[in-house]
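Residue-level structural notes
Residues per chain, in single letters:
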Amino acid sequence: MPKGSKIGGPVLALGVLLCVPLAVRSAAPTYEARVERVLAGTPLIDGHNDLPWEIRSRFKGDLAALDLMADTSRLPFPPDSAALMTDIPRLRTGKVGGQFWSVWVPVDIKGFEAVQTTLEQIDLVKRMCARYPDALAMAYSAADTNRIHQSHKVACLIGIEGGHQINNSLGVLRQMYAAGARYMTLTHTKNTDWADSATDAPVHHGLTPFGEEVVREMNRLGMLVDISHVSPDTMKAALRVSEAPVIFSHSSARALVDHPRNVPDDVLRTVAEKGGVVMVNFAPGYVSAVRNIWDAGEAAERTRFNSPPYVGLYIGQPERAKAALADWLKDHPRPAATLAQVADHIEHIRLLAGADHVGLGSDFDGIEDAPAGLEGVDKYPALLMELMKRGWTDADVAKLAGGNVLRVMAEAERVAAKLREHP
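Residues numbered from 1 in each chain as written. Predicted model: local features only at pLDDT ≥ 70, side-chain atom pairs only at ≥ 80, totals over all residues. Heavy atoms only, no water.

Topic: the pattern of salt bridges
Inspection of the entire model under this criterion finds 32 salt bridges. Lysine 236 is paired through a salt bridge with aspartate 266; the nearest N and O atoms lie 3.2 Å apart. In this pair, lysine 236 is assigned in helix 9 (residues 232-241) and aspartate 266 in helix 10 (residues 265-273), connecting sequence segments 30 residues apart. Residue classification places aspartate 266 among the partly exposed positions, given a relative accessible area of 38%. Residue glutamate 298 pairs with arginine 302 through a salt bridge whose shortest N-O separation is 2.6 Å. (Salt bridge = Lys/Arg side-chain N within 4 Å of Asp/Glu carboxyl O. Helix = DSSP H or I, 4+ residues; strand = E, 2+ residues; numbered from the N terminus. Buried < 20%, exposed > 50% of the residue type's maximum accessible area, 1.4 Å probe, protein only.)

Right under this line is the structure:
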C-alpha cells in the first residue's frame, strides 16, 4: 500500500471501534459482583426449609447433638442417613438473608398431639436462634427481616406446613400466630376437614365454609395464606376469599412438570392478578419430568417387592426385597435434576405471572436429594447467576431473591391492620 494512503485512517478507526466492546466487557461487573451487590441491598429469602424436623427426628430435638457451625454435608451420619443440606457456614456462603423454617408435623399426628408437636417445633426454631445469636435472629415482620439482614444475620421466620396442625380451631390458629408463625400451608399431603390436598382424593372441592373462615382469620392476623400442597380447586378458593396476597411457599410450574404439587398456568395468572408470589421448589421430581416418571416407577417397584401387610412378591422377606430393589436400581439409575431446570421453572412463572410474582422455596432438608448444582443452601448465588446469564436484570433478580415476598408480607400486614381497625 502506497505511503500516505487514506485507507490507514479508517482501518485505524475500525481497530479502535473493535476494541471498545472488549474494554466495556472488562469494565462490566462480573456475575459474582452483581449477585453480591443485589444481595447486599435485598435479603435472599427462602420460603421453605425442613431442618427443624430433621433435628427432631435425627437428634430428638437436642441442638447440642448437632453443631450447626460445622459443615453438615461432611459430618459422619449413621448408615442410610443422608447428609444435611443446611448449616450456618453454608447459609453465609449462600448469602441467605431470611429463612422460613417449616414447623411441619406429619399428617398422621392429629388432634391435640399435633398442636403440641407444632409448638415444640416452634420452640426448636427459637432455641436455634438463641444458640447461635451471632448468626440467627427471630423475625416476625417484613421490617424485622430487613433490619436483621442489615445486621448480617439470617432472619428466621416460621411457617406451619399443614392445616391439620391447628386441630380445626381458630383459637389455636391465633395462638400459633402469637407464638411466631407467619404462614400456614392450608393442607399437607392429606385433606383436612376443611380443605382438599393436591395429593388426596377430592372431598370438599375446595374450601368448606370453615376453611373460608380460616383464610379470613389468617388475613385478620397478618398470617400469609400458603397454598402449596393444596388442590387446584382449593388454590382458586383461597385466591377468591383472601383479601391479602397469597403465597406458594414451595411449588413449581405444572406446565413444565405435570406433578400435582405444581401450579397450573391458570392459577399462575390469578396469583399475578391478586399480587401473590410463587416460590419455586427444588425437589427433583417437581422440576424434572424424567425424574417425576422415575419416582413413580421406583415407588411401584417398592410396592411390587414388599408392601406389608398383604401384597408384595417378597412380603415377609425384607432382605430379599431389598436385594431385588437394588437390582432394579442398577438397571434404572436415578436421573438427576439440574440447576438449569429450576431456572426454567422460574422463567416460566415470570413469563406467565411476571417478575413481581416469583421467588425461591427450596424445600432443603425436606427432599431426599437436590438438583445438580443446588445441593445445599450455599448454592443460591449460582442460580441467580444462571438467570443473569439468561438476561435477567439486577432489579428482577432482587425481586426474585426476596423483594417479592417482602412486598407480600408488608401487604398482608397492611390488610391485617385495616381489618382490625374496621372489623
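Further notes follow.
Points about helix 16 (residues 394-421)
Here helix 16 spans 38 Å end to end across 28 residues, near enough to the 40 Å set by a 1.5 Å rise per residue. By the largest-angle criterion, leucine 400 marks the main kink of helix 16, which is about 60°. (Expected span 1.5 Å × (residues − 1). Bend = angle between axes of the 7 residues up to and from the residue.)

Comments concerning the environment of proline 89
Mapped onto the elements of the fold, proline 89 is located in helix 4 (residues 88-93). Proline 89 sits 142 residues away from serine 231 along the chain, and the two C-alpha atoms are 37 Å apart. Once residues within four sequence positions are removed from consideration, proline 89 is found in contact with Leu68, Met69 and Ala70. (Contact = heavy atoms within 4.5 Å.)

Examining the side chain of glutamate 161
With respect to the element layout, glutamate 161 can be found in strand 4 (residues 154-161). Polar contacts involving the side chain of glutamate 161 include one to the side chain of histidine 48, which spans 3.1 Å. Polar side-chain contacts of glutamate 161 include one of 3.1 Å to the side chain of serine 102. For glutamate 161, the residues in contact, after removing those within four places along its chain, are His48, Asp50, Ser102, Trp104, Thr185, His188, His229 and His250. (Polar contact = N/O pair within 3.5 Å; in protein donor to acceptor, adjacent residues only side chain to side chain.)

Considering the packing of helix 12 (residues 289-305) against helix 13 (residues 318-331)
The description of two helices packed together rests on the angle between their axes and the distance between the axes. In the contact formed by helix 12 and helix 13, the axes pass within 9 Å of each other and the chain directions differ by 150°. Here helix 13 runs roughly antiparallel to helix 12, going by the angle between their axes. Helix-helix and strand crossings are classified by hand; for helix 12 and helix 13 the assignment is right-handed. Across from Trp294, Gly297, Glu298, Glu301, Arg302 and Phe305 in helix 12, the residues of helix 13 making contact are Ala321, Ala324, Leu325, Trp328 and Leu329. (Axes fitted to C-alpha atoms, helices over the stretch in contact; angles between N-to-C directions. Parallel < 35°, antiparallel > 145°, perpendicular 65-115°, else oblique. Left-handed = near helix turned anticlockwise from the far one by under 90°.)

Things to note about the pairing of strand 4
Among the eight residues in strand 4, eight count as buried, and that is most of the element. Every second residue of strand 4 is oriented toward a common face, with Val154, Cys156, Ile158 and Ile160 on one face and Ala155, Leu157, Gly159 and Glu161 on the other, all of them buried. Sheet topology places strand 2 (residues 96-102) next to strand 4; five bridges connect them, and they run parallel. Its bridge partner being in strand 4, phenylalanine 100 is matched across the sheet by leucine 157. Here strand 3 (residues 136-138) pairs with strand 4 via three bridges, running parallel. Looking at the pairing, leucine 136 lines up with valine 154 of strand 4. For the segment spanning strand 3, helix 6 (residues 142-150) and strand 4, crossover handedness is right-handed. Bridging between strand 4 and strand 5 (residues 181-185) involves four bridges; their strand directions are parallel. Its bridge partner lying in strand 5, glutamate 161 is registered against threonine 185. In this fold, the crossover linking strand 4 to strand 5 by way of helix 7 (residues 170-179) has right-handed handedness. (Pairing = 2+ DSSP bridges. Right-handed = clockwise from strand over helix to strand, strands pointing away.)

Digging into the packing of helix 15 (residues 380-389) against helix 16
Closest axis-to-axis distance for the helix 15/helix 16 pair is 10 Å, and the angle between their directions is 145°. Note on packing geometry: the crossing formed by helix 15 with helix 16 is right-handed. Of the residues in helix 16, those in contact with Leu384, Leu387 and Met388 of helix 15 are Asp394, Val397 and Leu400. Residue classes in the contact of helix 15 with helix 16 are distributed as five nonpolar, no polar and one charged. (Nonpolar A, V, L, I, M, F, W, Y, C, P; charged D, E, K, R; others polar.)

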